[in-house]
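Take a look at the letters that make up each chain.
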Amino acid sequence: MQEWLAEETRRYQETLQLIGQLVRAGFSPIPTDPSEPEEPGEQGRMRRDHTVAIVERLSSWSPQRLSLPLRVFSSGPVYEHGRWADSLDVEYVEDGATQGEAEVFQLIQRLVESRASQAELVLALGHIGLLEALCQASGLDSEGVESVRRSLSQGKIAEAKRFLLNLGAEWAEWLCPLSAERWQRHLAPWLEQVAPPAAQESQRLYALAAATGLSTRWDLSLTGSWPYYTGLVFSLYEVGLGQALIKGGRFRVVQGSREFRGVGFTLWLDPWFRRPLGSAGGLA
Amino acid sequence: MNRGPVVAIAKGRIQEELLPLWSQAGFPWPLTDGSRQLWFEPGRDRPGAIIVRGPDVPVLVAQGVADLGVVGRDLLIEYPEWDILEVGELPVARCRVVLAGRTPQPPDGPFRVASKYRRITRNFLRQKQWLAEIVPLSGSLELAPLVGLAPYIVDIVETGRTLREHHLVEIETILFSSAEVIANPAHWRAKEAVVEVADRLLKVGKEELRA
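Residues numbered from 1 in each chain as written. Chains lettered and ligands numbered in written order. Predicted model: local features only at pLDDT ≥ 70, side-chain atom pairs only at ≥ 80, totals over all residues. Heavy atoms only, no water.

1. A look at the layout of surface pockets
In step 1: Of the pockets and cavities examined, the second largest pocket occupies roughly 740 Å³.
In step 2: Broken down by secondary-structure element, the contributors of at least two residues to the lining of the second largest pocket are helix 6 (157-165) and helix 7 (169-172) of chain A together with strand 5 (85-101) and helix 8 (192-210) of chain B.
In step 3: For the lining of the second largest pocket, the leading source of residues is helix 8 of chain B, giving 9 residues.
In step 4: Here the residues of the lining of the second largest pocket are counted per class, giving 12 nonpolar, 3 polar and 11 charged. (1 Å grid on protein atoms, 1.4 Å probe; cavity = no way out; pocket = protein on both sides within 12 Å on 5 of 7 lines; lining within 4 Å. Points joined across faces, edges and corners; volume = space filled by probe spheres on them. Helix = DSSP H or I, 4+ residues; strand = E, 2+ residues; numbered from the N terminus. Nonpolar A, V, L, I, M, F, W, Y, C, P; charged D, E, K, R; others polar.)

Rendered as structure tokens:
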């Protein structure tokens, strides 16, 4: 038991250090409701996500009192299918600007570096806008585009590919992880032709991601499972770990008559602490 | 720890019918016929394999113990795992999940139905707006009408022979099923070798389908 207590103590201390890093980076902690708001006729349930709970808190302030951009985070468990997982949820709320990705990627880079692990990390990038551009260029109507997105949000890649396969085998080939080289050589030039704004956006985001020094690859089947994602979606993996360390993206949440936009991510503490420490040993 | 890809395979019919595709994909199968060994490690020329009961395949994949899994679509619907990717279909273990009874007439009024597919049955009953009590059984469902346990069953059917031998007839097909290749999202996006293994299996599957 002593070993278990020592391990839990170590994790607790590392969690405090992560929180300390967020505070030093200018992010403020805010308390959030661990249950999701009850719908009429429905029993309340434990939350599956922090983002909506954070926005709910923020929306209690009048627009005049909200000074954007706003850097906030929430900590605590989320629940899914009878399991719970401790997490830190970091949100950069902004006012229609597109600075969030740069700041969030830099923050992730600093968090990663603080752990001093030698393991290989992969930052996977998806993008709702690019996916929709691809689907529209293939000839899918808006209903078909929505079907592809719904299938991908449920992890049903084969089902999503079937919608595109009807229009030609080449379209479905893009719904898989693509190396940076394959993206640049094959998909980027094509995007330039059919959707120039999407192509520019992808180049901007790729440059920001690559600046972190992490191995980066695109995967348009990565859409996240939340309906509030509107643009970039990303996940950080350690090769061989089998669970995401971080999942996030650009969001748009409507709360009553107000709309909140920004970029955020969830850091999953259990896989984060299961990462082996490198020879540098522990926190830098 | 980064190791070669490992595939969790549902034991039984899926395992038997997958082996020819596994070989056609160029992967050696190191276990001898009749071996009771349930796993082997990945080698330089092949992925590793873990042979488990069907409902356990999505669990092993979601937990990251296996990179890929091969399991029936019926089980993916019956035992949904939220953190897996369904990346393709293989032309093996094809079957249907059907409602069967002693006569081809659909039920009329409240009734009992025996099944090992409680979720699929519950959803089917809800969709049909039929009122029924589900009797949970884990096997030998054909006996349920014969011994008076339930006049109807929801079960998988391949050729229909077992139903006929027990004087049962199909009333309605609920879903079509075959083997699906599933993947752990983290391994899928972080380990290129995982996508390569899946692609090779799915490619020979497509060729088999064409043939």
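Picking up after the structure, the text goes on.
2. Looking at a nonpolar patch on the surface
In step 1: On the surface, M1, W4 and L5 of chain A cluster together to form a nonpolar patch covering roughly 370 Å² of accessible area.
In step 2: Residue placement: W4 of chain A occurs in helix 1 (residues 2-24). (Patch = residues over 30% accessible without salt bridge, like charges linked within 9 Å, V, L, I, M, F, W, Y side chains within 5 Å. Areas by Shrake-Rupley, 256 points an atom, 1.4 Å probe, with all protein chains shown as cover. Salt bridge = Lys/Arg side-chain N within 4 Å of Asp/Glu carboxyl O.)

3. Topic: helix 8 of chain B
All names here are of chain B.
In step 1: For helix 8, which comprises 19 residues, the first-to-last C-alpha distance of 27 Å matches the rise-based estimate of 27 Å (1.5 Å per residue) to within 8%.
In step 2: All buried positions along helix 8 are accounted for by V194, V195, V197, A198, L201, L202, V204 and G205.
In step 3: On the buried face of helix 8, the contacting elements are strand 1 (6-10), helix 1 (13-24), strand 4 (68-72), strand 5, strand 9 (169-183) and helix 7 (185-190). (Expected span 1.5 Å × (residues − 1). Buried < 20%, exposed > 50% of the residue type's maximum accessible area, 1.4 Å probe, protein only. Contact = heavy atoms within 4.5 Å.)

4. A short note on the interface of chain B and chain A
In step 1: The partner chain A presents 23 residues to the 24 residues of chain B that form the contact.
In step 2: Three residues, W82, E86 and R189 of chain B, lead the burial of chain B against chain A; their summed loss comes to 36% of the area buried on that side.
In step 3: On the surface where chain B and chain A come into contact, there are 3 salt bridges.
In step 4: Residues E89 of chain B and R162 of chain A are paired through a salt bridge, measuring 3.6 Å at the closest nitrogen-oxygen approach.
In step 5: Taken together, the connections running from chain B to chain A amount to 9 residue pairs in polar contact (both at pLDDT 80 or more).
In step 6: Secondary-structure elements contributing two or more residues to the side of chain B that touches chain A are strand 5, helix 7 and helix 8 of chain B.
In step 7: Sort the elements by how many residues they give to the side of chain B that touches chain A and helix 7 of chain B lands first, with 6 residues.
In step 8: Residue composition of the side of chain B that touches chain A, grouped by class: 11 nonpolar, 6 polar and 7 charged. (Buried area = accessible area lost by both parts, 1.4 Å probe. Polar contact = N/O pair within 3.5 Å; in protein donor to acceptor, adjacent residues only side chain to side chain.)

5. Details of the sheet that holds strand 1 (residues 28-29) of chain A
Residues and elements named next belong to chain A.
In step 1: Read across the open sheet, the 8 strands follow the order 1-4-5-10-9-8-6-7; overall the sheet is mixed. Two strands bound the open sheet, and with one partner strand each, they are strand 1 and strand 7 (215-218).
In step 2: Pairing of strand 5 (residues 83-94) with strand 10 (residues 258-268) involves 8 bridges; the strand directions are antiparallel. Directly across from E91, in strand 10, lies its bridge partner G264. (Pairing = 2+ DSSP bridges.)

6. Considerations on the confidence of the model for chain A
In step 1: Chain-level pLDDT for chain A is 87 on average; 93% of the residues reach the 70-or-more range.
In step 2: Every residue in residues 279-284 of chain A scores below 50 in pLDDT, and together they form 11 contacts with partners more than four places removed in sequence or on other chains. (pLDDT = per-residue confidence, 0-100.)

7. Focus: the packing of aromatic side chains
All names here are of chain B.
In step 1: Under the definition given, this model contains 12 aromatic pairs over all chains.
In step 2: Aromatic side chains W22 and W29 sit 5.3 Å apart centroid to centroid with 90° between the ring planes, which places their arrangement in the edge-to-face category. The two residues W22 and W29 agree in class, both being buried.
In step 3: Measuring from centroid to centroid gives 5.7 Å for F124 and W130, while their planes differ by 90°, and the two rings are edge-to-face.
In step 4: On the accessibility criterion, F124 (4% relative accessible area) is buried. (Phe/Tyr/Trp six-rings, centres within 6.5 Å; stacked < 30°, edge-to-face > 60°.)

8. A short note on the pattern of salt bridges
Residue and element names in this part refer to chain A.
In step 1: Summed over the entire model, instances satisfying the criterion amount to 24 salt bridges over all chains.
In step 2: In this structure, R250 and E101 form a salt bridge, with 2.7 Å as the shortest nitrogen-oxygen distance. Within this pair, whereas R250 is found in strand 9 (residues 244-255), its partner E101 is found in helix 3 (residues 100-115), the two being separated by 149 residues in sequence. There is no split in this pair, since R250 and E101 are both buried.

9. As for the sheet that holds strand 4 of chain B
Residues and elements named next belong to chain B.
In step 1: With mixed pairing, the 9 strands of this open sheet are ordered in space as 2-3-1-4-9-5-8-6-7. Each edge of the sheet is formed by a strand with only one pairing partner; in this case those strands are strand 2 (39-40) and strand 7 (132-136).
In step 2: Here strand 1 pairs with strand 3 (residues 48-52) via 5 bridges, running parallel. Following the sheet pairing, V7 is matched in strand 3 by A49.
In step 3: Strand contacts of helix 4 (residues 118-128): strand 5, strand 6 (111-115), strand 7, strand 8 (152-157) and strand 9, with the helix running at about 170° to strand 7, the strand carrying the most contacts.
In step 4: Of the strands in this sheet, strand 1, strand 4, strand 5 and strand 9 are in contact with helix 8, which crosses strand 5 at around 55°. (Axes fitted to C-alpha atoms, helices over the stretch in contact; angles between N-to-C directions.)

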